[in-house]
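Report on the structure
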Amino acid sequence: MIEVTVGRLGRDSSTNSHVVILQERQGRRFLPIWIGQPEAEAIAAHVGGVKRARPLPPDLARSLIVALGGVLRRVQITRVQASTYYAELHLLKADQLITVDARPSDSIAIALRLSAPIFVQESLLTDPEGDDDREPGEPDLTPPPDAEGEQLKEYLQGLRPEDFGKFTL
């Protein structure tokens, strides 16, 4: 397991879905996870320091964990199966470790509220410099994960039509 942080939260313009990018704490690898709007709002509200009049579900989960004397030791994103990611909350209560199955988006929002570390199974991380899936000589068409604005524009302008291969209809 590799420790990650929330690197970015945004919207995938091709699918109009929200995506959270988990960034390796001591490296450059990352994991994008597409999430729903309520989960994105819950993460964004905490990161942005927005206080709501009524608690959101992760706020409620935080309150329950604390009120019951538990401690969130860590969140683990363990696997992906049929395009669905799986996560676990690792709670400690009275020296007993309790593992709870949870959605990654909810787990991330709860971990942020309780300042708990987030870990990802190493095989799920993507290396922006990696070329393991490419054939020899095939160009890397993946932009740098932190590319924005002018940097992304320059990257895209540097691509050549032949970099994309031949398309047939």
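Located above this text is the structure these notes cover.
The rules behind these values
Residues numbered from 1 in each chain as written. Predicted model: local features only at pLDDT ≥ 70, side-chain atom pairs only at ≥ 80, totals over all residues. Heavy atoms only, no water. Patch = residues over 30% accessible without salt bridge, like charges linked within 9 Å, V, L, I, M, F, W, Y side chains within 5 Å. Areas by Shrake-Rupley, 256 points an atom, 1.4 Å probe, with all protein chains shown as cover. Salt bridge = Lys/Arg side-chain N within 4 Å of Asp/Glu carboxyl O. Helix = DSSP H or I, 4+ residues; strand = E, 2+ residues; numbered from the N terminus. Pairing = 2+ DSSP bridges. Axes fitted to C-alpha atoms, helices over the stretch in contact; angles between N-to-C directions. Contact = heavy atoms within 4.5 Å.

1. Remarks on a nonpolar patch on the surface
- A cluster of nonpolar side chains, contributed by Leu60, Leu64 and Leu68, occupies part of the molecular surface with about 300 Å² of accessible area.
- Relative to the helices and strands, Leu64 is located in helix 2 (residues 57-67).

2. Brief notes about the pairing of strand 4 (residues 71-81)
- Note that strand 4 and strand 5 (residues 84-93) share 9 bridges and pair antiparallel. The residue of strand 5 that forms the bridge with Val75 is Leu89.
- The antiparallel pairing of strand 4 with strand 5 creates a hairpin that spans 2 residues between the two strands, and Ala82 there sits at a positive phi of about 55 degrees.
- Pairing geometry for strand 4 and strand 7 (residues 118-120), over 3 bridges, is parallel. Its bridge partner lying in strand 7, Gln76 is registered against Phe119.

3. Digging into the sheet that holds strand 6 (residues 96-102)
- If you trace the 7 strands from one edge of the open sheet to the other, you get 3-2-1-7-4-5-6, paired in mixed fashion. Here the strands that pair on one side only, and so sit at the sheet edges, are strand 3 (30-35) and strand 6. In this sheet, neighbouring strand axes are inclined to one another by 35 degrees on average, regardless of whether the strands run parallel or antiparallel.
- Against the sheet, helix 1 (residues 37-47) engages strand 1 (2-12), strand 2 (17-24) and strand 3, with an angle of about 125 degrees to strand 3.

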